[in-house]
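# Survey of secondary and tertiary structure
As a plain string of letters, each chain reads:
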Amino acid sequence: MSCFPLLPRFALLATICLLATAPVVAEPSPGEITVDTRAELVQAVESAEPGTKVLISPGTFQGGLTFRDHRGAAGNPIVIAARNPADPPVFKGGRSGLHLSRPSFVELHDLVFIEATGNGLNIDDGGEGDRVDEVAGLQPLELAADPPVPMVYRSAPGGGRHG
């Protein structure tokens, strides 16, 4: 008796075993966008709508990013966050690492800013003064500089706030 009649069964069993042991890759949730490059980050943030969550892969990204007029909604913010909080993305250089002008209901999570020539993180009201309280949620936020410098959060003339 030949073992060839068993070959289709063996192949089927091997395929089932391989599928059962293959790693499961989680599909992004609706509204989640994972980005690996600066260009993908810019595109994702520019197209973000209320409820969008932009997850940034670990790595170093050139700073100098500016985004204007991005609007989430109460209970449905735009979130810009590290894909892996244990290995957050680093924004390096630029006048500001990240500048958000006139945002509403935008949250930032687990991001690192280094070596900016001006502000590592700049969130402002675009000179309007009446929008600053709608600005961003920062969770968790760690501010540090090397060498250490004082960090100040104050009201600016015209109602804006600068840190």
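So, here's what we can say about the structure. (Residues numbered from 1 in each chain as written. Predicted model: local features only at pLDDT ≥ 70, side-chain atom pairs only at ≥ 80, totals over all residues. Heavy atoms only, no water.)

### Digging into the packing of aromatic side chains
Our working rule: Under the pairing criterion, centres of Phe, Tyr and Trp rings, with the six-membered ring standing for Trp, must be within 6.5 Å; the plane angle then separates stacked pairs below 30 degrees from edge-to-face pairs above 60, leaving the rest tilted. Labels follow the DSSP assignment, with helices taken as runs of H or I lasting at least four residues and strands as runs of E lasting at least two, numbered in each case from the N terminus. Three exposure classes are used, based on accessible area relative to the maximum for each residue type with a 1.4 Å probe and protein chains only: buried under 20%, partly exposed in between, and exposed over 50%.
Counted under the stated rule, the structure contains 2 aromatic pairs. Ring centres 5.4 Å apart and planes at 20 degrees place the aromatic pair Phe 91 and Phe 113 in the stacked group. With Phe 91 in strand β6 (residues 90–92) and Phe 113 in strand β9 (residues 112–114), the pair connects residues that are 22 residues apart, well separated along the chain. A relative accessible area of 2% means that Phe 91 is categorised as buried. An aromatic cluster of at least three residues, connected via ring pairs, comprises Phe 61, Phe 91 and Phe 113.

### Here's the deal with the sheet that holds β9
Put simply, the rule is: Here, any two strands with at least 2 DSSP bridges between them count as paired. For helices, the fitted line uses only the C-alpha atoms of the stretch in contact; every axis is such a line through C-alpha atoms, and the angle between N-to-C directions lies from 0 to 180 degrees.
If you trace the 3 strands from one edge of the open sheet to the other, you get β3-β6-β9, paired in parallel fashion. Each edge of the sheet is formed by a strand with only one pairing partner; in this case those strands are β3 (60–62) and β9. Along the sheet, successive strands turn relative to each other by an average axial angle of 30 degrees, direction set aside. In this sheet, β6 lies alongside β3 in parallel orientation, the contact comprising 3 bridges. Of the residues in β6, the one forming a bridge with Gln 62 is Lys 92.

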